[in-house]
Amino acid sequence: MDSSDSPRRWSPDSWRAKPAAQMPTYRDADALQRALARLARLPPLVTSWEVETLKRELGDAARGRRFVLQGGDCSENFEDCESGAITNKLKILLQMSLVLIHGGRKRVIRLGRFAGQYAKPRSADTETVGGVTLPSYRGDMINSVEPTETARAPDPRRMLRAYHCAALTLNFIRALVDGGFADLQHPEYWDLDFVAHSAQAAEFRRIVQSVGSSLQFMQTLSGRGVAELNRVDFFTSHEGLHLPYEQAQTRRVPRRAGWYNLAAHFPWIGNRTRNVGGAHVEYFRGIVNPIGVKIGPPISPGELMALIEVLDPDNEPGRLTLIHRFGADAIGAGLPPLLDAVRASGRTVLWICDPMHGNTEVTREGFKTRSFDRILAELDRAFEIHRECGTVMGGVHAELTGDNVTECLGGARGITEEQLHTAYRTQVDPRLNYEQALEMALLIARRMAQAGT
Ligand code: PEP
Ligand code: CO
């Protein structure tokens, strides 16, 4: 394939000529080639028309006509590719989206961090466990979390397992959605057993009743069928970190121009790999999917504008989503200059807030956690700052699970440092549990209602 240095030439492998951060080193080059050749022949996980639909909808969100809810695990793992974990994730995203529809009076785009979120950037290449220095765990797509040399050796066959788990996850989600599980008229299907008595559950049920009656009202008014009004879509997203996996699933499709990444509807570039001269930006600039970029300190307005120029040269609606993740303390100084620079350029991008990744801390006992208050504080500031700058806060990006975990501090049950160990299950970043996620949705819905959007 052509991998010319000319700035306009691009091919699915032209990233190989650029410096690639966060890449593991495979020991067996033949095994790597075999896995990639197999992956390249497997059927696509998503279709180009779904990708185009999402791009159109994200274009609406950039103009304030829809709201994005992007959420799921920090890092999926192969073990959790099972029906309970998948349905719980779907349930919490559905419940949150219903709350947001109710508060914001606009349609919600549901973008799961699932069916491909198997590769993780790490701050160090190695970690020391019990005096032994080992390669860092980089996500199930690359190696295994157990602290042994063998488990941590990158294995290219894991890319095929990641593909298969993604396909199984998506297959189940598509079947649930088609079978009416996600029908807005049946929110009783989405109830999780362990929260029957929580305050959020009660508030959620009040919202359900009110949405249910307005749906009936709309049907009566419009004469349109139930299925048409109630249809719920899910789209998939993951960090496009492991470029060999992404490249192998980058295809041309009949009757459409350009190259599609058919491993996910919406891949994004992480905060650690968004260097404008690096391999990740090179790969992403050439695919036609809608894409995201995580934006965090210490990015400057000049650096951001250079990224936008490379990734969205035509200012195409829905193409580029900027996911800001500053932290509650840094957002006030960090975000406004970026919003001003983009606004002054006359470009339209979609801004969404990730209130998780700038608020990570480590407890005295060594648990990586996040305070729920700081997460909400960042969200609150984000709404305020966008209003002051005259820009649209078009969505939220969160690490959450439908399960009853204890990974983030605070929330309605007031999880304390001492309680974190009781159900701390994440292998990478701490997630909001069911109640915290729903409480966050209620806060966002209130802010949306106040903004009168
Ligand atoms: C993530 O989303 O899990 C992540 C690593 O985020 P960021 O790139 O913003 O640090
Ligand atoms: Co994370």
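As a reminder, the structure under discussion sits directly above these lines.
Residues numbered from 1 in each chain as written. Chains lettered and ligands numbered in written order. Predicted model: local features only at pLDDT ≥ 70, side-chain atom pairs only at ≥ 80, totals over all residues. Heavy atoms only, no water.

### Points about the overall build of the chain
To keep it simple, the criterion reads: What counts as a helix is a DSSP run of H or I of at least four residues, what counts as a strand is a run of E of at least two, and both are numbered from the N terminus. With the radius of gyration taken over C-alpha atoms, the globule rule is written as 2.2 Å times the number of residues to the power 0.38. Think of it in three bands: with a 1.4 Å probe and only protein chains considered, a residue is buried below 20% of the maximum accessible area for its type, exposed above 50%, and partly exposed in between. When checking whether two residues touch, look at their non-hydrogen atoms; a contact exists if any pair is within 4.5 Å. Here Asp and Glu are counted as negative and Lys and Arg as positive; His is not counted, and neither are the chain ends. We put the charge of a Lys on NZ, of an Arg on CZ, of an Asp on CG and of a Glu on CD.
Helix and strand counts for the chain come out as 13 helices and 14 strands. Computed over C-alpha atoms, the radius of gyration of the chain comes to 21 Å, within 12% of the 22 Å expected from 2.2 N^0.38 for 453 residues, which places it in the range of a compact globule. Overall, the chain is about 60 × 50 × 45 Å in size when its C-alpha atoms are taken along their principal axes. Classification of the 453 residues of the chain by burial places 58% in the buried group. Of the contacts made within the chain by residues no fewer than 6 positions apart, 75% connect residues no fewer than 24 positions apart. Mean positive and mean negative side-chain charge positions of the chain (55 and 54 charges, respectively) differ by 5 Å.

### Quick notes on the side chain of Arg431
For clarity, the cut-off: N or O atoms within 3.5 Å of each other form a polar contact, as long as, within protein, one can give a hydrogen and the other can take it, and as long as residues adjacent in sequence are counted only when both atoms are side-chain atoms.
Within the secondary structure, Arg431 is located in the loop between strand 14 (393–399) and helix 13 (434–451). For Arg431, the side chain forms a polar contact with the side chain of Asp73, separated by 2.8 Å. Side chain to side chain, Arg431 and Glu407 meet in a polar contact 2.8 Å long. Leave out the neighbours within four places in its chain, and Arg431 touches Asp73, Cys74, Glu399, Leu400, Thr401, Val405, Glu407, Cys408, Arg425, Thr426 and Gln436.

### Comments concerning the coordination of the cobalt ion (ligand 2)
As a reminder of what qualifies: Here the coordinating atoms are restricted to nitrogen, oxygen and sulfur within 2.8 Å of the metal centre, or 3.2 Å for Na, K and Ca, and because water is not among them the sites may look incomplete.
Around the cobalt ion (ligand 2), the protein contributes the donor atoms Cys74 (SG), His357 (NE2), Glu399 (OE) and Asp429 (OD), which lie 2.1 to 2.5 Å from the metal centre. In the primary sequence, the donor residues of the cobalt ion (ligand 2) line up as C-x282-H-x41-E-x29-D. Pair noted here: Cys74 is in the loop between strand 1 (66–72) and helix 3 (83–104) and His357 is in the loop between strand 11 (350–353) and strand 12 (360–362), with a separation of 283 residues, a long-range link. Accessibility assignment for this pair places Cys74 and His357 in one class, buried.

### Some words on empty space enclosed by the protein
Quick note on the threshold: Using a grid of 1 Å spacing that covers the protein atoms alone, one calls a set of points a cavity when a 1.4 Å probe fits there but cannot get out, and a pocket when the set is open and has protein on both sides within 12 Å along at least five of seven lines; lining residues are those with an atom within 4 Å of a point. Grid points are joined across faces, edges and corners, and a volume is the space filled by probe spheres set on the points. Each residue receives one of three labels: charged for Asp, Glu, Lys and Arg, nonpolar for Ala, Val, Leu, Ile, Met, Phe, Trp, Tyr, Cys and Pro, and polar for the others, Gly being one of them.
What the rule picks out here adds up to 2 cavities of 30 Å³ or more. Within this model, the largest cavity holds a volume of roughly 50 Å³. For the largest cavity, the full set of lining residues is Asp73, Glu76, Asn77, Asp80, Cys81, Ile86, Lys89, Tyr118 and Thr169. Counted by class, the lining of the largest cavity contains 3 nonpolar, 2 polar and 4 charged residues. A volume near 30 Å³ is recorded for the second largest cavity. If you trace the second largest cavity, you find it lined by Gln22, Pro24, Ala119, Lys120, Arg138, Ile142, Leu241 and His242. Residues of the lining of the second largest cavity, tallied by class, amount to 4 nonpolar, 2 polar and 2 charged.

### Let's talk about the site of ligand 1
Heads up, the condition is: When at least one non-hydrogen atom of a residue lies within 4 Å of a molecule or strand, that residue is treated as near it. Areas reported as accessible are Shrake-Rupley estimates using a 1.4 Å probe. Residue values count occlusion only from the protein chains shown.
Contacts to ligand 1 come from Cys74, Arg113, Lys120, Pro121, Gly270, Asn271, Arg272, Lys294, Arg325, His357 and Glu399. In the environment of ligand 1, an oxygen atom lies 2.9 Å from a nitrogen or oxygen atom belonging to the side chain of Arg113. Relative to its unbound accessible surface of 290 Å², ligand 1 loses 98% to contact with the protein. For the shell around ligand 1, the per-class residue count stands at 2 nonpolar, 3 polar and 6 charged.

### Notes on the packing of helix 10 (residues 301–311) against helix 11 (residues 331–345)
Here is the rule: An axis is simply a line fitted to the C-alpha atoms; with a helix, the fit covers only the stretch in contact. Between two such axes, the angle follows the N-to-C directions and lies from 0 to 180 degrees. Roughly parallel means an angle under 35 degrees; roughly antiparallel, over 145; roughly perpendicular, 65 to 115; everything else is oblique. Handedness of a helix crossing follows the sense of rotation of the near helix relative to the far helix, less than a right angle counterclockwise being left-handed and clockwise being right-handed.
Where helix 10 contacts helix 11, the two axes come as close as 9 Å, and the packing angle between them is 45°. Taken together, the axes of helix 10 and helix 11 lie oblique to each other. In terms of crossing hand, the pair formed by helix 10 and helix 11 is right-handed. Side by side, helix 10 and helix 11 meet where Pro301, Leu304, Met305 and Ile308 of the first sit next to Pro337, Leu338, Ala341, Val342 and Ser345 of the second.

### Digging into the packing of aromatic side chains
Worth spelling out the cut-off: For Phe, Tyr and Trp, where Trp contributes only its six-membered ring, two rings pair if their centres lie within 6.5 Å, and the inter-plane angle classes them as stacked under 30 degrees, edge-to-face over 60, or tilted in between.
Counted according to the given criterion, the structure contains 6 aromatic pairs. A centroid spacing of 6.3 Å and a plane angle of 50° characterise the contact between Trp10 and Tyr283, whose relative ring orientation is tilted. Remark: Tyr283 occurs in helix 9 (residues 279–286) and Trp10 occurs in the segment before helix 1 (29–41); sequence separation between them is 273 residues. Residue classification places Trp10 among the buried positions, given a relative accessible area of 16%. In textbook terms, an aromatic cluster arises when at least three aromatic residues are bridged by ring pairs, as seen for Trp10, Trp259, Tyr283 and Phe284.

### Description of the packing of helix 11 against helix 12 (residues 372–389)
Between helix 11 and helix 12, whose axes approach to 10 Å, the crossing angle comes to 35°. Here helix 11 runs over helix 12; the crossing is right-handed. Residue-level contacts link Ile331, Gly332, Leu335, Pro336, Leu339, Asp340 and Arg343 of helix 11 to Glu378, Arg381, Ala382, Ile385, His386 and Cys389 of helix 12. Classifying every residue of the contact of helix 11 with helix 12 by side-chain character gives 7 nonpolar, 2 polar and 4 charged.

### So, the sheet that holds strand 10 (residues 320–324)
Strand pairing in a sheet is mediated by backbone hydrogen bonds. Such pairs are either parallel or antiparallel. For the record, the criterion: Pairing between strands requires that DSSP locate at least two bridges from one strand to the other.
In space, the 8 strands of this closed barrel follow the order 1-2-5-8-9-10-11-14, with parallel pairing throughout. Across the sheet, the mean angle separating the axes of adjacent strands is 30° when strand polarity is ignored. Here strand 5 (residues 235–239) pairs with strand 8 (residues 266–269) via 3 bridges, running parallel. Following the sheet pairing, Glu239 is matched in strand 8 by Trp268. Seen against the sheet, helix 11 touches strand 9 (291–295), strand 10 and strand 11 and runs at an angle of roughly 170° to strand 11. Sheet strands touched by helix 12: strand 1, strand 10, strand 11 and strand 14. Its angle to strand 14, the strand with the most contacts, is close to 165°.

### Thoughts on the pattern of salt bridges
Counted only if it meets this: When a carboxyl oxygen of Asp or Glu is within 4 Å of a side-chain nitrogen of Lys or Arg, the pair counts as a salt bridge.
A complete count under the given rule lists 26 salt bridges for this structure. Between Arg381 and Glu384 there is a salt bridge; the shortest N-O distance is 2.5 Å. Taken together, the residues Arg381 and Glu384, both in helix 12 and 3 residues apart, mark about one turn of the helix. A relative accessible area of 29% places Arg381 in the partly exposed class.

### What to know about unusual backbone geometry
With omega at 10°, the peptide bond leading from Pro297 into Pro298 counts as cis. With respect to the secondary-structure elements, Pro298 resides in the loop between strand 9 and helix 10. Located in the positive-phi region is Ala115, a residue other than glycine, with phi close to 60°. By the element assignment, Ala115 lies in the loop between strand 2 (107–113) and strand 3 (126–129). Even without a glycine there, the phi angle at Arg255 is positive, about 60°. Among the structural elements, Arg255 can be located in the loop between strand 6 (250–251) and strand 7 (260–261). The exposure class of Arg255 is exposed, given its relative accessible area of 82%.

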